[in-house]
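# Structural features, examined
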Amino acid sequence: RKGEIWVWEKTRFAHLDAGDMVDVVYHRKAPDVNKIFGAEPVGLPWWVPYLALTVSLLIGVPLLFFGSRGVAREIALLEYGALAEGRVVSVKILHYVNLGWNNHPVRVMVSFKDEFGEERSITAKTTTRNLTLKEKDRCRVLYDRGEPQRAVVVETLSTV
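Residues numbered from 1 in each chain as written. Predicted model: local features only at pLDDT ≥ 70, side-chain atom pairs only at ≥ 80, totals over all residues. Heavy atoms only, no water.

## Observations concerning the sheet that holds strand β3 (residues 82-93)
Using the following cut-off: Strand pairing is assigned whenever DSSP identifies at least 2 bridges connecting the two strands. Starting at the N terminus, helices and strands are each numbered in turn, a helix being any DSSP run of H or I of at least four residues and a strand any DSSP run of E of at least two. Structural elements are reduced to axes, namely lines fitted to C-alpha atoms, with helices fitted over the stretch in contact, and the angle between N-to-C directions of any two is expressed from 0 to 180 degrees.
Spatially, the five strands line up as an open sheet ordered β5-β4-β3-β6-β7, and their pairing is antiparallel. Of all strands in the sheet, those with a lone pairing partner are β5 (119-127) and β7 (151-153), marking the two edges. Pairs of neighbouring strands in the sheet enclose a mean axial angle of 40 degrees, with direction left out of account.

## With respect to the pattern of salt bridges
Definition in use: Salt bridge, as used here, is a side-chain nitrogen of Lys or Arg placed within 4 Å of a carboxyl oxygen of Asp or Glu. Buried residues are those whose accessible area, probed at 1.4 Å on protein chains only, stays under 20% of the maximum for their type, while exposed residues exceed 50% and partly exposed ones sit between those limits.
As enumerated under the stated definition, the model contains seven salt bridges in all. Salt-bridge contacts for Arg120 lead to Asp114; the nearest nitrogen and oxygen are separated by 3.2 Å. Exposure class is identical for Arg120 and Asp114. Each is buried. The shortest N-O distance in the salt bridge between Glu115 and Arg145 comes to 3.2 Å. Remark: Arg145 occurs in the loop between β6 (138-143) and β7 and Glu115 occurs in the loop between β4 (105-113) and β5; sequence separation between them is 30 residues. A residue is classified by how much of its surface remains accessible, and Arg145, at 46% relative accessible area, is partly exposed. In the salt-bridge network here, residues are joined through shared partners; they are Asp114, Glu118 and Arg120.

Spelled out as structure tokens, the structure:
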């Protein structure tokens, strides 16, 4: 039978030459499934997968937390936000960024009056695929009463 093992240069198997004797463990019913006794899988030390898992958790958990917090804020905006009529001030298509299939990000600046009559302006982000607005068009704005800068233009929301 033949077997193959990948090792790091600094492991205890790196000095072996072809024909050297080694202890081998193998599956009784399938001897082609084998490895050198004491060898790490894929030539990695035992602690490397644990290090990768730790780093992934240290990065992934905060990203998940902040991402879900942002989604929760948007859901709260949909549930408790106030609706106002706005006017499109400018539409800027970012042609230098391609999202695929000739789709580009768009910044839509909108001005609206909040429930106290104060003039506000926001910049909504969308894509050319969802864009139906042009300058000076009327639109609907859903905004947070406590923080009116947090708002979305209803016409830019995706239905998917």
